[in-house]
Amino acid sequence: MKKILLIEDESALQKSLGDTFREDGFEVISALDGVTGERMAKSEKPDLIILDLILPQKDGIEVFQALKEDQTTKDIPVVILTNIERIEHVEKVLEMGAKTYLVKS
């Protein structure tokens, strides 16, 4: 079973996405802040990470950068899901290797 890590601080959205992915047959693990999410990515080695950029304790760009620098997590695909629409953020995470950048509405 493929495993998805949701690093998202909005618990309602995290639950909604998690339920949807579980219905489609994925195992879902979740973190509400950047520090926990980074630690879980390294220990759980998910097949995909969905990462918010605005997070408590450590923001998503810092988490993404740390994951890309770590040999155990650098190849895990990351999808950015955030409220930030500024082009400089989009360009930065795509250059860092994000698979795509989705804006919450």
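Refer to the structure above for everything that follows.
Residues numbered from 1 in each chain as written. Predicted model: local features only at pLDDT ≥ 70, side-chain atom pairs only at ≥ 80, totals over all residues. Heavy atoms only, no water.

## Remarks on the overall build of the protein
Inference 1: Secondary structure assignment for the protein yields 4 helices and 5 strands.
Inference 2: Secondary structure elements of the protein occur, N-terminal to C-terminal, as β-α-β-α-β-α-β-α-β.
Inference 3: In terms of overall size, the protein behaves like a compact globule, its C-alpha atoms giving a radius of gyration of 13 Å where 105 residues would be expected to give roughly 13 Å.
Inference 4: For the protein, the spread of C-alpha atoms along the three principal axes comes to 35 × 35 × 25 Å.
Inference 5: Evaluated residue by residue, the protein yields a buried proportion of 44% over its 105 residues.
Inference 6: Here the contacts in the protein between residues at least 6 apart in sequence split such that 59% fall between residues at least 24 apart.
Inference 7: Per element, the accessible surface of the protein, about 5800 Å² overall, is 50% carbon and sulfur. (Helix = DSSP H or I, 4+ residues; strand = E, 2+ residues; numbered from the N terminus. Rg over C-alpha atoms; globule rule 2.2 N^0.38 Å. Buried < 20%, exposed > 50% of the residue type's maximum accessible area, 1.4 Å probe, protein only. Contact = heavy atoms within 4.5 Å. Areas by Shrake-Rupley, 256 points an atom, 1.4 Å probe, with all protein chains shown as cover.)

## A short note on the packing of aromatic side chains
Inference 1: If you walk through the whole model with that rule in mind, you get 1 aromatic pair.
Inference 2: Both rings, one in Phe 21 and one in Phe 26, keep their centres 6.1 Å apart while their planes meet at 85°; by these two values the pair is edge-to-face.
Inference 3: Residue class for Phe 26 comes out partly exposed when judged on its relative accessible area of 29%. (Phe/Tyr/Trp six-rings, centres within 6.5 Å; stacked < 30°, edge-to-face > 60°.)

## Some details on the packing of helix α3 (residues 60-69) against helix α4 (residues 87-96)
Inference 1: Between α3 and α4, the least distance of the axes is 11 Å, while the angle of their chain directions is 15°. With respect to each other, α3 and α4 are oriented roughly parallel. Crossing angle aside, the handedness with which α3 passes α4 is left-handed. Residues Ile 61, Phe 64, Gln 65 and Lys 68 of α3 lie in contact with α4, whose contacting residues are His 89, Lys 92, Val 93 and Met 96.
Inference 2: Looking at the contact of α3 with α4 residue by residue, the classes come out as 4 nonpolar, 2 polar and 2 charged. (Axes fitted to C-alpha atoms, helices over the stretch in contact; angles between N-to-C directions. Parallel < 35°, antiparallel > 145°, perpendicular 65-115°, else oblique. Left-handed = near helix turned anticlockwise from the far one by under 90°. Nonpolar A, V, L, I, M, F, W, Y, C, P; charged D, E, K, R; others polar.)

## Re the pairing of strand β2 (residues 27-31)
Inference 1: Sheet analysis places strand β1 (residues 3-7) next to β2, joined by 5 bridges and oriented parallel. Along β2, the bridge assignment pairs Ile 4 with Val 28.
Inference 2: As for the winding sense of the linkage, the β-α-β connection from β1 through helix α1 (residues 11-23) to β2 is right-handed. (Pairing = 2+ DSSP bridges. Right-handed = clockwise from strand over helix to strand, strands pointing away.)

## A word on the nonpolar core
Inference 1: Counting residues in each nonpolar core, the largest one holds 22 residues, and the members touching the most others are Ile 49, Leu 51, Ile 80 and Val 93.
Inference 2: Elements with a contribution of two residues or more to this core: β1, β2, α2 (34-44), β3 (48-51), α3, β4 (78-82) and α4.
Inference 3: Tallying contributions element by element places α3 first for this core, with 4 residues.
Inference 4: Excluding residues within four positions of it along the chain, Leu 51 makes contact with Ile 7, Gly 60, Val 63, Phe 64, Val 78, Val 79, Ile 80 and Leu 81. (Core = buried A, V, L, I, M, F, W, Y, C linked by side-chain atoms within 4.5 Å.)

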